[in-house]
Amino acid sequence: MTVTAQGPLPTGSYDVAVVGAGVVGCAVARELARHPRLRIALVEAQDDVGQGTSKANTAILHTGFDAAPGTLEARLVHEGYERLGAYAAETGIPVERVGALLVAWDAEQLAALPELAQKAERNGCHDTSLLGPDELYAREPRLGPGALGALHVPGESIICPWTTTLAYATQAVRAGVDLHLNAKVERAHRGTGEDHLLQTTRGVLSARRLVNAAGLHADTLDRLLGHEDFTVTPRRGQLLVYDKLARPLVRHILLPVPTALGKGVLVAPTVYGNVLLGPTAEDLDDKRATGSTADGLAGLRDKGRRVLPDLVDEEVTAVYAGLRAATGQEDYRIAVHPEQGYVTVGGIRSTGLTASLAIAAHVTGLLQDTGLDLGPVREPQPLTMPNLGEAFPRPYQRPELIAADPEYGTLVCHCERVSRGEIRDALAGPVPPRSLEGLRRRTRARAGRCQGFYCGAAVRELFESAQNEGIRT
């Protein structure tokens, strides 16, 4: 297993380089790792997987009911929903099928619901139903006053996006993919041997085939290779995370009737037991503008107050913002350039989490179109991920596990009930964290209502001890 974060990159040419270790790039690397003859590199600009657009995903496993029928996105989300659902069950990624309600708040929105139901039908989502106000309020009794009806989409689910990305990366690395972190691609061109030469901040990497899954920067890399098929506009989404005490307020994912800017501001439970309110949709020029704003958060509270009035009186435990890769196009921008041995995977919106495994299979097929011989298939070794979901037993709730290893019974983070054993396992994993934030994403340590006020020092000590141990070895 090879994960590097510093020093020069290996010499010699890879068969395929995947640029971008978000959820899609990691899924592509995992899919390619099923072919053991291939030498694969996964190249990431930052110090961890899932640090770009994947970081601010709203954590929903979409059925694809509202995708534009006939588009590539509609097909891949539909396929990906089934693939990721099965994969999550196999690997222990927490998923809860809570269902979604698209709530109509005025006559115009109410009139749009039957058309949305017909669209869902065309997208292969056959179990939606229209609800009148009585049934709607019976399902969501804490909903704000004035709702006229809703479209119920029972298959919409909540999922842990972090565990998903980490599971893909872990299986890829275990199967022989080289993950190179802190390697930002600054230039790209073809060498005399027709290989792609990627000039990165850690030196040159050579590959016969290239997959561009660079998220917000996919258009920049595309232009380095002579294409101007799309332009990425960073769309900022700010979100509020409410404490677990708010969780009984909401039973479904509550969505507005969608607009041209996206699905709008939602209220949704999370698999961690919190409640999300967001995201905003702000088109910006700066691909680094991940800060939150007072106006953005005030706007979210105003919208949340109408949807679920009691929610805004609950405590907020975290605020965060991320950038989505908007292109102004209605569909994903996935294209193959056989003459260059190059596949672009651009314009992947928040549905990319759901579609990730289907995108990976699609991209692998496109690489074959470039003449790449995949060779034989070898399925990756089974993987069981740590459970971060509240709906399933956590280690501290499993007596047999604690009896075998008392570290699982020693809580370090009491808000999220994270044990010393879970932190130890994360620090020793195949793709270990390189920051306290990375450790938080893997374990939930410091992610609770105190945000590390009580456990921060203990978590830091464990993290730094592991770092020092790694340096010594």
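Residues numbered from 1 in each chain as written. Predicted model: local features only at pLDDT ≥ 70, side-chain atom pairs only at ≥ 80, totals over all residues. Heavy atoms only, no water.

Q: Teacher, can you tell me more about the side chain of glutamate 422 here?
A: Within the fold, glutamate 422 resides in helix α10 (residues 420-427). Ignoring any residue separated from it by four or fewer positions in sequence, one finds glutamate 422 in contact with Asn387, Arg394, Pro395, Tyr408, Arg417 and Thr443. (Helix = DSSP H or I, 4+ residues; strand = E, 2+ residues; numbered from the N terminus. Contact = heavy atoms within 4.5 Å.)

Q: Looking at this structure, how should I read the nonpolar core?
A: Buried together is how nonpolar side chains tend to be arranged in soluble globular proteins. Judged by nonpolar contacts, the single largest core of 56 residues is most densely connected at Ile334, Val345 and Ile359. For this core, the secondary structure elements donating two or more residues are β2 (13-19), α1 (23-32), β3 (40-43), α2 (72-91), α5 (161-174), β21 (342-346) and α8 (352-369). No other element matches the nine residues that α8 contributes to this core. Each residue touching isoleucine 359, except ones within four places of it in the same chain, is listed here: Val24, Leu76, Tyr332, Ile334, Val345 and Ile348. (Core = buried A, V, L, I, M, F, W, Y, C linked by side-chain atoms within 4.5 Å. Buried < 20%, exposed > 50% of the residue type's maximum accessible area, 1.4 Å probe, protein only.)

Q: Teacher, can you tell me more about α8 here?
A: The sharpest bend along α8 comes to roughly 40°, located at alanine 358. Of all 18 residues in α8, 13 are buried, a share of seventy percent or more. Glycine 371, located one to two residues past α8, shows a positive phi value of around 100°. (Bend = angle between axes of the 7 residues up to and from the residue.)

Q: Help me understand the sheet that holds strand β4 (residues 60-61) in this model?
A: Two modes of strand pairing occur in sheets, parallel and antiparallel, and in both the strands are linked by backbone hydrogen bonds. Within the open sheet, the three strands sit side by side as β4-β9-β5. Their pairing is antiparallel. On the outer flanks of this sheet lie β4 and β5 (95-96), each paired with one strand and no other. Across two bridges, β4 lies against strand β9 (residues 157-159) in antiparallel orientation. Looking at the pairing, leucine 61 lines up with serine 157 of β9. (Pairing = 2+ DSSP bridges.)

Q: Where do I start with the pattern of salt bridges in this structure?
A: Pairs may arise between side chains of opposite charge once their charged atoms sit close together. In this structure the tally under the stated criterion is 31 salt bridges. Two residues, glutamate 73 and arginine 349, come together in a salt bridge whose shortest N-O distance is 2.5 Å. With glutamate 73 in helix α2 and arginine 349 in the loop between β21 and α8, the pair connects residues that are 276 residues apart, well separated along the chain. For the salt bridge of arginine 417 with glutamate 390, the shortest nitrogen-to-oxygen distance reads 3.2 Å. Pair noted here: arginine 417 is in the loop between β22 (411-413) and β23 (418-419) and glutamate 390 is in the loop between α8 and α9 (399-404), with a separation of 27 residues, a long-range link. Judged by relative accessible area, which is 24%, arginine 417 ranks as partly exposed. Residue classification places glutamate 390 among the partly exposed residues on the basis of a relative accessible area of 32%. Among the charged side chains, a salt-bridge network with shared partners connects Lys244, Glu390, Arg394, Glu416, Arg417, Glu422 and Arg444. (Salt bridge = Lys/Arg side-chain N within 4 Å of Asp/Glu carboxyl O.)

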